[in-house]
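Chain and residue survey
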Amino acid sequence: MGPFGGWEMPIEYSGIAEEHMAVRTHAGLFDVSHMGEIEIAGRDALAAVQRISCNDASKLQVGQAQYSGLLTPQGTFVDDILVYRLAAAHFLLVVNAGNILKDYAWIAGHIAAAGDAVAVDATSRYALLALQGPASLEVLQPLIGVDLAAMKYYRFAHGEVANVRATVSRTGYTGEDGFEIFVPPQSADRVWQAMLQSGQGAGVIPCGLGARDTLRLEAAMRLYGQDIDETTTVLEADLGWIVGWQKDGFDNTIGAAALQEQRAAGVRRKIVGFELRQPGIARPGCGVCIGDDNAAGRVTSGTQTPYLKKAIGMAYVPIEHARPGAEFDIDIRGRRARAQVVPMPFYRRPA
């Protein structure tokens, strides 16, 4: 166990490598109830979400979710979020645990200009469990009346899991197929135990934050506080695809002007994925060395991954060194190790 985002969280149960491989080969179960939930409702709820989040929420049907960002006027990240459309004028935003109070204050302070909309910190109403891996559907289906096979990626539905009212979404943070299940906190243990029991034959095991981090890195999913923060823009983070450039009222979206300007001028640095070509593990904070420049960039995430069995990572580097195949050195405790830029994600699940 260890402190995380104000919570005491499980880092590992049986071991990070074992938990990582369980998710890649069958399934693993995570308790991610530390995540925050903020609801926005009212006649102008859509306009409010469009103002504070960079993606185009008007494209969401009821029962659909999208990845987006809360941005500063400079186009950098207040947080990265998931936006769920619960009803025509009712949205649920899932935010990072350490940012709940900051995000809520940011949202509440900026939606007033959109009109009739109110934000509520609903975190205490939700526990969140994540069942991830190729066996997730067969494990969860016996516990719910919703046809999970018919549920598309980034869609969600309401129902009961183990006779507990729940919202189930086909989303996750591991690079695998899987589901995230919102339930009342007082019923979380019951649903957790039911999923473990249902998954006994499939080899489902509990998983902690350690495996969650190595899994998301293989899938090149950005982590707030490491890969993205208030110093990195959406374009520098290579996440331009989450910007609703053509959405109505884009000019009123916080950060839009800065992103348009940077898009026109081009970024001067960008996050890249890399593999080490020499022994070592590039940890967050390690410097990127290009020629005589020992501070050309920085590693934001890095590890030796259990599944790929490679030392991989992500780093911000000057744009001229961001192309696949480019090489640079990483300073690992005073020793330089050669690294090469590779396409992301590092891992894609089999079709």
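Okay, so let's go over this structure. (Residues numbered from 1 in each chain as written. Predicted model: local features only at pLDDT ≥ 70, side-chain atom pairs only at ≥ 80, totals over all residues. Heavy atoms only, no water.)

1. Focus: the overall build of the protein
If you tally the helices and strands in the protein, you get 7 helices and 19 strands. Relative to a compact globule of 351 residues, whose C-alpha radius of gyration would be 20 Å, the protein shows 20 Å and is just as compact. Along the first, second and third principal axes, the C-alpha atoms of the protein reach 60 × 50 × 35 Å. Here the protein holds 351 residues, and 59% of them are scored as buried. Counted over contacts in the protein with a minimum sequence separation of 6, partners at least 24 positions apart contribute 67%. For the protein, the accessible surface area stands at approximately 14800 Å², while carbon and sulfur atoms represent 51% of it. The distance from the centre of the 32 positive side-chain charges to the centre of the 38 negative ones in the protein is 4 Å. (Helix = DSSP H or I, 4+ residues; strand = E, 2+ residues; numbered from the N terminus. Rg over C-alpha atoms; globule rule 2.2 N^0.38 Å. Buried < 20%, exposed > 50% of the residue type's maximum accessible area, 1.4 Å probe, protein only. Contact = heavy atoms within 4.5 Å. Areas by Shrake-Rupley, 256 points an atom, 1.4 Å probe, with all protein chains shown as cover. Lys, Arg positive; Asp, Glu negative; His and termini not counted. Charge placed at Lys NZ, Arg CZ, Asp CG, Glu CD.)

2. Describing the pattern of salt bridges
When the charged atoms of two side chains with opposite charge come close together, those side chains can pair. Scanning the entire structure with this criterion turns up 15 salt bridges. Across the pair Arg-43 and Asp-116 runs a salt bridge, and its minimum N-O distance is 3.5 Å. With a gap of 73 residues between them, Arg-43 in the loop between strand E4 (36-41) and helix H2 (45-52) and Asp-116 in the loop between helix H3 (100-110) and strand E8 (118-121) connect regions that are remote in the sequence. Arg-43 gets classed as exposed once you look at its relative accessible area, which sits at 66%. (Salt bridge = Lys/Arg side-chain N within 4 Å of Asp/Glu carboxyl O.)

3. A short note on the pairing of strand E18 (residues 327-332)
By the bridge criterion, 3 bridges tie strand E15 (residues 287-290) to E18 in an arrangement that is antiparallel. Paired with Cys-289 across the two strands is Asp-329, which belongs to E18. Alignment of E18 against strand E19 (residues 335-342), held across 6 bridges, turns out to be antiparallel. Bridge pairing links Phe-328 to Ala-339 in E19. Counted between consecutive antiparallel strands, the loop separating E18 from E19 contains 2 residues, among which Arg-333 sits at a positive phi close to 55°. (Pairing = 2+ DSSP bridges.)

4. Focus: the nonpolar core
Soluble, globular proteins show a tendency: their nonpolar side chains are buried together. Membership of the largest hydrophobic core comes to 47 residues, with the highest contact counts inside it found for Phe-77, Tyr-84 and Val-234. Here the element with the most residues in this core is strand E6 (residues 77-87); it accounts for 4 residues. Among the nonpolar cores identified, the runner-up in size contains 27 residues, and Ala-27, Leu-131, Leu-148 and Val-164 belong to it. (Core = buried A, V, L, I, M, F, W, Y, C linked by side-chain atoms within 4.5 Å.)

5. Digging into the sheet that holds E15
If you trace the 6 strands once around the closed barrel, you get E14-E17-E16-E15-E18-E19, paired in antiparallel fashion. Across the sheet, the axes of successive neighbouring strands diverge by a mean angle of 45°, strand direction being ignored. (Axes fitted to C-alpha atoms, helices over the stretch in contact; angles between N-to-C directions.)

6. Details of the packing of helix H1 (residues 16-25) against helix H6 (residues 209-218)
Two elements in contact, H1 and H6, have axes separated by 8 Å at closest approach and are oriented at 50°. Considering the angle they form, H1 stands oblique to H6. Pair H1 / H6 crosses with right-handed handedness. Residue-level inspection shows Ile-16, Glu-19, His-20, Val-23 and Arg-24 of H1 in contact with H6, the latter providing Gly-210, Ala-211, Thr-214, Leu-215 and Glu-218. Of the residues belonging to the contact of H1 with H6, the class tally is 4 nonpolar, 3 polar and 3 charged. (Parallel < 35°, antiparallel > 145°, perpendicular 65-115°, else oblique. Left-handed = near helix turned anticlockwise from the far one by under 90°. Nonpolar A, V, L, I, M, F, W, Y, C, P; charged D, E, K, R; others polar.)

7. A closer look at the environment of Leu-217
Tracing the backbone through its elements, the reader meets Leu-217 in helix H6. On the basis of relative accessible area, Leu-217 is assigned to the buried category, the value being 1%. Along the primary structure Leu-217 and Ala-326 are separated by 109 residues, whereas in three dimensions their C-alpha atoms are 20 Å apart. Non-local contacts of Leu-217, meaning those with residues more than four positions away in its chain, are made with Ser-301, Gly-302, Thr-303, Ile-312, Gly-313, Met-314 and Phe-346.

8. Concerning the sheet that holds strand E13 (residues 205-207)
Spatially, the 6 strands line up as an open sheet ordered E10-E11-E12-E9-E3-E13, and their pairing is mixed. At either margin of the open sheet sits one strand with a lone partner, and together these are strand E10 (156-161) and E13. Here the average twist between neighbouring strands, direction ignored, is 30°. Contacting strand E3 (28-31), strand E9 (127-132), E10, strand E11 (164-169), strand E12 (178-183) and E13, helix H5 (residues 188-198) runs over the sheet at an angle of about 10° to E9.

9. What about the layout of surface pockets?
In this structure, the second largest pocket encloses a volume near 190 Å³. Lining the second largest pocket we find 13 residues, and of these Tyr-126, Arg-165, Ala-166, Thr-167 and Phe-182 sit closest to its centre. Secondary structure elements with two or more residues in the lining of the second largest pocket: E6, E11 and E12. Element by element, the count of residues in the lining of the second largest pocket is highest for E11, at 3 residues. Partitioning the lining of the second largest pocket into residue classes produces 8 nonpolar, 2 polar and 3 charged. (1 Å grid on protein atoms, 1.4 Å probe; cavity = no way out; pocket = protein on both sides within 12 Å on 5 of 7 lines; lining within 4 Å. Points joined across faces, edges and corners; volume = space filled by probe spheres on them.)

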